[in-house]
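Structure assessment
The chain contents come next:
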Amino acid sequence: MDRRQAGRIFSAVAIMLMVGGINAGLAVADEIGPNQAGLIHRLLPTVVNIAVKKNEPPGPDASSASVSSPTPPADAGSNIKSYVGSGFVIDPSGLVVTNYHVVEDAFEITVTFSDGERLTGRMLSASRLADLALVRVQPKHPLAAAHWGDSDKLQVGDQVFAAGDPFGVGLSVSAGIISGLNRDIQNSPYDDLIQTDATINHGNSGGPLFNMQGAVIGVNSTILSPTTGSSGIGFAIPSASAHFVIDQLHTYGWVRPGWIGIKIQTVTNDIADATGMSRPEGSIVSWVLPNGPAEKAGLAIGDVILRYNGAAPSDERALLRDIAHTRAGDKMKLLVRHDGGEHDVVLAAEEWPRNQWDKNDAPTPVQRPKINVPPNQGLSLAPLPPDDKAKLAASVGMEGVLVTNVVANSDAATRGMANGDIILRVQDKPVATPDEVKQGVDAVRAEKRGFVLMLVLPKKSKVAGPKWVALQLDPAGG
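Residues numbered from 1 in each chain as written. Predicted model: local features only at pLDDT ≥ 70, side-chain atom pairs only at ≥ 80, totals over all residues. Heavy atoms only, no water.

Scanning the protein from N- to C-terminus turns up eleven helices and 26 strands. Counting across all 478 residues of the protein, residues that qualify as buried make up 50%. (Helix = DSSP H or I, 4+ residues; strand = E, 2+ residues; numbered from the N terminus. Buried < 20%, exposed > 50% of the residue type's maximum accessible area, 1.4 Å probe, protein only.)

Put into structure tokens, the structure is as follows:
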């Protein structure tokens, strides 16, 4: 899903916004002192790893280097791929916040906590444009939950720390400061991002950005980098926006932003000169939806909105967010410049049309793909060539059987097996021929077990040495 394109569609049709828009070692930056270490220790149980499986079309990875996307593993020879992102608990009953792009198109979600507990997740609701999603898990006990802070009180230079699972290496924490506010990197028409130099990498998506009091003041979501890693420019969705979106998603299942039916843009120096304004201020109306609230209240193309309820929004994105936060039925007062004069326009917000939500912002339904479990587990096998057999015996002290092909979308493929892997054992017995592999599998199947255990030496692996792989036996279980 191209969120930038969706944002343009939303801006042109709805014309109103929606808000701007783990069991591993802990890495803590040197800047975090002993007092903060205790705070971080208390917050760790609120931060989670989110592992997902997605059924992707063939072709090169289309993920952008500008997005802190989930971390992909090596290609397993299948269209079904695994990714890793981050999230944080906001309710002890099992509500988890993450980025939408982490769980987008995922047919399987696994949430792992700092103590190693793993729970199956289910996406409750999401906003594509805001890039936020709400995931539900079913814990056996109340969970530790993070608390929202007030991003509106942030200042450049405030200390913060980011938590998450960069590159899938494990729960990590990095410290930094607020480098900038209200950043617009054109991910959507409503960008209002926090810039931080706290290290944010691929896999940090959806994790919390904490202030030094331990409150969540942002949701880590994006990086700008000439490479695939962090170059010190990370961005987070501010809590003022994220909290609003998540509350709406939890309460209603969609955001229900306020709407008045206009398209606007910031008044620049050139626009101010062309319209006879003494200085650039406000947002100029470029389109008014027929029969919408704005037209009924008398707003027209070319009007300039200077104030919203007495305050001057910083730009058109801020004005759109103000309108979006207005509840349907609540009135707003706009100071409008029309034909050189200024006057107040009072009108009530309406609910952004639900059909526009369904078209442009509702999450895309995902069907779980059929995973094949052939009688041979989808594996084509062959004896090892003599030279390879000798090398294997010298390196690991065992013989083995070569995997020559793995059926796409089979259970074996989804579990990471690929052409060139070598099967060393089936259950507790060494194997040296394809027949011995088959005999070992048949013996386990005769015991009515659902899975068979194979010790596999991967052809490609980040960590040297064999690994155990449990393969499904029952074809009907796919």
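Looking now at the sheet that holds strand β19 (residues 341-348). Taken in spatial order, the five strands of this open sheet run β15-β16-β17-β18-β19, and their pairing is antiparallel. Edge positions in the sheet fall to β15 (262-266) and β19, since each of these pairs with one other strand and no more. For this sheet the average axis-to-axis angle between neighbouring strands, irrespective of direction, equals 40°. Against the sheet, helix α7 (residues 316-325) engages β15, β16 (283-288), β17 (304-308) and β18 (331-338), with an angle of about 145° to β15. (Pairing = 2+ DSSP bridges. Axes fitted to C-alpha atoms, helices over the stretch in contact; angles between N-to-C directions. Contact = heavy atoms within 4.5 Å.)

With that out of the way, let us pick up the environment of Asn291. Within the secondary structure, Asn291 sits in the loop between β16 and α6 (293-296). Residues Asn291 and Gly261, 30 residues apart in the sequence, show an inter-C-alpha distance of 8.6 Å.

The next subject is the side chain of Thr222. Tracing the backbone through its elements, the reader meets Thr222 in strand β12 (residues 216-223). A polar contact of 3.3 Å, which involves the side chain of Thr222, links it to the side chain of Ser221. (Polar contact = N/O pair within 3.5 Å; in protein donor to acceptor, adjacent residues only side chain to side chain.)

This brings us to helix α11 (residues 434-446). Working note: α-helix, 3.6 residues per turn, so residues spaced by three or four point in the same direction. Relative to the 18 Å expected for 13 residues at 1.5 Å per residue, α11 spans 18 Å between its end C-alpha atoms, a close match to the ideal helical length. For α11, the set of buried residues is Val437, Gly440, Val441 and Val444. Seen along its axis, α11 keeps its buried residues to an arc of 95°; they face one direction. Away from the buried face of α11 by more than 90 degrees, exposed residues Asp435, Lys438, Gln439 and Ala446 are located. Looking at the buried side of α11, the elements it contacts are β21 (379-383), β22 (401-406), β23 (422-426) and β25 (451-457). A positive phi of about 65° marks Lys448, the residue just after α11. (Expected span 1.5 Å × (residues − 1). Arc of directions from axis to C-beta.)

Another point: the packing of aromatic side chains. Using the criterion set out here, one finds two aromatic pairs in the structure. Seen in terms of ring centroids, Phe88 and Trp148 are 5.7 Å apart; in terms of plane orientation they differ by 80°. Their pairing is edge-to-face. Linking Phe88 in strand β3 (residues 80-91) with Trp148 in the loop between β7 (132-136) and β8 (159-164), this pair joins segments that are 60 residues apart in sequence. On the basis of relative accessible area, Phe88 is assigned to the buried category, the value being 0%. Sitting over the face of the ring of Tyr83, Lys54 holds its NZ or CZ atom 5.5 Å from the ring centroid. The aromatic ring of Tyr252 is capped on one face by Arg256, whose charged end is 4.0 Å from the ring centroid. (Phe/Tyr/Trp six-rings, centres within 6.5 Å; stacked < 30°, edge-to-face > 60°. Lys NZ or Arg CZ within 6 Å of the ring centre and 35° of its normal.)

Further remarks concern the pattern of salt bridges. As enumerated under the stated definition, the model contains ten salt bridges in all. Arg279 is the partner of Glu281 in a salt bridge, and the nearest nitrogen-oxygen pair spans 3.4 Å. Its relative accessible area of 47% is what places Arg279 among the partly exposed residues. Notably, a salt bridge pairs Arg327 with Asp330, separated by 3.2 Å at the nearest N-O pair. Judged by its relative accessible area of 61%, Arg327 falls in the exposed class. On the basis of relative accessible area, Asp330 is assigned to the partly exposed category, the value being 29%. Here the salt bridges do not stand alone but share partners, grouping Lys438, Asp442 and Arg445 into one network. (Salt bridge = Lys/Arg side-chain N within 4 Å of Asp/Glu carboxyl O.)

Here we come to the pairing of β22. Two strands pair when backbone bridges link them, and β21 and β22 are joined in this way by five bridges, in the antiparallel orientation. Residue pairing for β22: Pro383 is matched across the bridge by Val401.

Within the largest apolar cluster, 34 residues are counted, with the highest numbers of intra-cluster contacts made by Leu132, Phe161, Phe210, Val245 and Trp357. Those elements that provide at least two residues to this core are α2 (34-43), β4 (95-98), β7, β8, β9 (172-183), β12, β13 (234-238) and α4 (239-252). Among the elements that line this core, the one with the most residues is α4, at five residues. (Core = buried A, V, L, I, M, F, W, Y, C linked by side-chain atoms within 4.5 Å.)

We now examine the pairing of β16. Across five bridges, the pairing between β15 and β16 is antiparallel. In the strand pairing of β16, Ile262 is matched with Val288.

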